[in-house]
Amino acid sequence: MSYLVLARKCRPQRFDEVIGQDHVTRTLANAIKMDRVAHSFLFSGVRGVGKTSMARILAKSLNCSQGPTVDPCGECASCRAVTAGTAMDVIEIDGASNNSVDDIRDLRETVPYRPALGRFKIYVIDEVHMLSTSAFNALLKTLEEPPPHVKFIFATTEPHKIPATILSRCQHYDFRRIPTEAIVERMGQILEDEGIRAQDGALAIIGREAEGSMRDALSILDQVLAAGAEEITVQAVGDLLGVVSRQVHFDLSAALIEGDPMRCLEIIRDVNRQGFAMSVFSRDLLEHLRNLMAAGICGDDRSLLDMPDTEIDDLVRQARSVSRGTLHRLFKHFSEAYEEIARSSHPRILLEATLARLADLGELVSAAELLSRIEDLAAGRPVPPGPRGGNRSGGKQETVSSPVQKTTQASNAAPMNEADWKDLLTDFGRDMPAKSSIIERGVPAKGSSNELLMLQFDREDVFAAKRARETDFIRALTDFLTRRAGHPVRVDIQVCDLGSRSTLAKERLEKQEALRLRQDEAREHPVVREAQIAFGGSVSRVRLSDNGKGGTGKTPDMEQGE
Ligand SMILES: Nc1ncnc2c1ncn2[C@@H]1O[C@H](COP(=O)(O)OP(=O)(O)OP(=O)(O)O)[C@@H](O)[C@H]1O
Ligand SMILES: [Mg+2]
Ligand SMILES: [Zn+2]
């Protein structure tokens, strides 16, 4: 098979063979049935969506010896001539090369003569927006009073360039981009007729690249076929188009969601090794993240996702493994970085940096979700450690940044025991004395490991629970654990009813805790810090003034050390 064969070979010959333009076929068919066909039409739309094909079908319908009919016979002399492109009464003019006023005057002179064979003389002017202003004016006269045996069909990819005077005299049909899924399906049929197999996903790549143009899809398909393979493979199509398989994007978004920057870099390295352009790859990744976000929103309503069903299934599955807020955030951050990546002369470096940063953002839970998890805990309902898909409360997506662990634990994670916990506390105390009073109030939950620390706080232990949930603390703890372990460790703070301590002991503890917290605050107070820098000293003791209980208490007494 040679190049460009398919697009010509597979031109739709009947209204019901035109895909993706139902709104046009329906209206035209109605007009024909009711014998109310306008005398001039404007077909607009991007390249290769069926404008010329539709014009010819309309011409055939109007001039069929059995017609006018929505169902032209295809057998009569007129039908056959239109199909072959030799019909005397269907005059196709390329507006781009016949755009002068003289060209239009020549055309006008032929208008009064009756059709040779059919009922109508049908002028099809392609690329009509290319006509000069005077040519348009010359055309206008004819459009104002066309003889009853004449029809005009104008086609254009740029309807905004057509003068309003012309527009107002035409019935305007806007042709849509053809849904990717319909394109893929049509390619599938064509290949089946040709007896050629195609790998799952191979046609989807072509469909995606075609961006709604059936002609583009078919010409890509032609090029793939020109290689003469028995089967159309994902690899062959990917190589031809310079795009990677969808699976790579899925792997990458999984790595982002799981917070695995290493994996992100590995994937980029592989894509780069295979010689794919980083700018194209980034563009497709952006689209993939957009689709994930859309899948998170639409779920089972697939009409907003323009792609084959199997791909939607994968998208929905991945989107459900993560909160919507995270999907929004991933898309937002990446789209912001994308412009820069696309423009950069070092796209790979920027892409890597962006992905590593995104992966480190971790799973971000919406406030609504967090709240419902806390409520679940308070009510004693079992709560899985991770966030759940979707926004359960349906509330506003007001988000707090709070990294949470994976929903599933890696199999090689070592569970945490009592001794591990003690060591951890000691190290933490050395590293971050100011925050150790918080962590000490927590209890590692069952299921904690060297990759995941689930720290539970008693709901009644208000101070600690509050501070433990602050981003600042979670981040510090996550950083500390990751540094200490040499691999990513996640932290999940849970506030629940531990209820183990007696009220009295709790009260005492609380008082002590309040005191310690205030001392810590004092140590970390910016004024104190500045003073330390200015005087080159260190804080040896913090004394809280007695009225500190209800007062500001923020300015501590400080004794200068050595
Ligand atoms: N809606 C469609 N349904 C089925 N096939 C289509 C459709 N649109 C385009 N094709 C395929 O693409 C080929 C070119 O289509 P057509 O010439 O009708 O597009 P067009 O909109 O006129 O494009 P252009 O603006 O480039 O002239 C057709 O021969 C057919 O194989
Ligand atoms: Mg055309
Ligand atoms: Zn016919």
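You'll find the structure just up there.
First, a word on scope: everything that follows refers to the structure included in this document.

Reading the values: the criteria
Every chain is numbered on its own, with residues counted from 1 as its sequence reads. Written order decides the labels, with chains lettered from A and ligands numbered from 1. Local features are withheld for residues below a pLDDT of 70 in this predicted model, meaning they are given only at 70 or higher, and side-chain atom pairs are given and counted only at 80 or more; totals for whole chains, interfaces and linings count all residues. Hydrogen atoms and water are omitted, and side-chain values are computed over all heavy atoms in the structure. Water is not among the atoms examined, so metal sites may look incomplete; donors are the N, O and S atoms within 2.8 Å of the metal, or within 3.2 Å for Na, K and Ca. Labels for metal geometry use angle windows, namely 85 to 135 degrees for all angles of a four-donor tetrahedral site, and for square planar (four donors) or octahedral (six donors) sites opposite donors over 155 degrees apart plus all others within 65 to 115; sites meeting none of these are irregular. Note on classification: 1.4 Å probe, protein chains only; a residue is buried when its accessible area is under 20% of the maximum for its type, exposed when over 50%, partly exposed between these limits. Only buried Ala, Val, Leu, Ile, Met, Phe, Trp, Tyr and Cys residues count toward a nonpolar core, and they belong to the same one when joined by side-chain atoms within 4.5 Å. Runs of H or I in DSSP of at least four residues are treated as helices and runs of E of at least two as strands, each being numbered from the N terminus. Here the limits of each domain have been adopted from an automatic or database domain assignment. The contact criterion used throughout is that any non-hydrogen atoms of two residues lie within 4.5 Å. Each residue is tested against the molecule or strand, and it is near if at least one of its non-hydrogen atoms lies within 4 Å. Think of a polar contact as two N or O atoms within 3.5 Å of one another; within protein, one of them needs to be a possible hydrogen donor and the other a possible acceptor, and neighboring residues in sequence only count if both atoms come from side chains. Under the convention used here, a 1.4 Å probe and the Shrake-Rupley method define accessible areas, while residue burial counts only the protein chains that appear. The nonpolar class holds Ala, Val, Leu, Ile, Met, Phe, Trp, Tyr, Cys and Pro. Asp, Glu, Lys and Arg form the charged class, and all remaining residues, Gly among them, are polar. Should DSSP find at least two bridges between two strands, the strands are regarded as paired. Convention adopted: a line fitted to C-alpha atoms gives each axis, helices being fitted over their contacting stretch, and angles between N-to-C directions are expressed from 0 to 180 degrees.

**Looking at the coordination of the zinc ion (ligand 3)**
Looking at the zinc ion (ligand 3), one finds its protein donor set to be Cys 64 (SG), Cys 73 (SG), Cys 76 (SG) and Cys 79 (SG), positioned 2.2 to 2.4 Å from the metal centre. Note that the zinc ion (ligand 3) binds four donor atoms; their angles at the metal cover 101 to 121 degrees, and the shape is tetrahedral. A relative accessible area of 28% means that Cys 73 is categorised as partly exposed. Assessed through its relative accessible area of 0%, Cys 79 is described here as buried.

**Looking at the nonpolar core**
Counting residues in each nonpolar core, the largest one holds 53 residues, and the members touching the most others are Phe 43, Met 187 and Leu 221. With seven residues, the single largest contributor to this core is helix 10 (residues 214–226). Among the domains, domain 1 (21–174) and domain 2 (180–241) are the pair contributing at least three residues each to this core. Excluding anything up to four places from it in sequence, Leu 221 contacts Leu 6, Met 187, Leu 191, Leu 203, Ile 206 and Ile 232. Counting residues in hydrophobic clusters, the runner-up holds 36 residues, among them Met 278, Leu 286, Leu 305 and Phe 334.

**A closer look at unusual backbone geometry**
For the bond running from Gly 67 to Pro 68, omega is -5 degrees, close enough to zero to count as cis. Tracing the sequence through the fold places Pro 68 in the loop between helix 3 (51–63) and helix 4 (77–84). One non-glycine residue, Asp 35, lies in positive phi territory at about 60 degrees. According to the relative accessible area criterion, Asp 35 is exposed, its value standing at 64%. Residue Glu 127 is not a glycine yet carries a positive backbone phi of 50 degrees. Inspection of the secondary structure assignment puts Glu 127 in the loop between strand 3 (121–126) and helix 6 (133–144).

**Structural notes on the site of ligand 1**
Neighbouring ligand 1 are 19 residues, the closest being Ala 7, Gly 48, Lys 51, Thr 52 and Ser 53. Ile 19 is positioned such that a nitrogen or oxygen atom in its backbone is 2.8 Å from a nitrogen atom of ligand 1. In isolation ligand 1 offers 620 Å² of accessible surface; the protein chains occlude 95% of this area. At the level of secondary structure, the elements contributing two or more residues to the shell around ligand 1 comprise helix 3 and helix 10. Residues that form the shell around ligand 1 fall into these classes: nine nonpolar, five polar and five charged.

**Observations concerning the sheet that holds strand 10 (residues 490–496)**
The strands that make up a sheet pair up through hydrogen bonds in the backbone, lying either parallel or antiparallel. With mixed pairing, three strands are arranged side by side in an open sheet as 8-9-10. Pairing within the sheet leaves two strands with one partner each, and these edge strands are strand 8 (443–444) and strand 10. As paired strands, strand 9 (residues 452–458) and strand 10 are joined by seven bridges and run parallel to one another. Paired with Asp 458 across the two strands is Cys 496, which belongs to strand 10. Contacts from helix 22 (residues 471–485) reach strand 9 and strand 10, with the element oriented near 135 degrees to strand 10.

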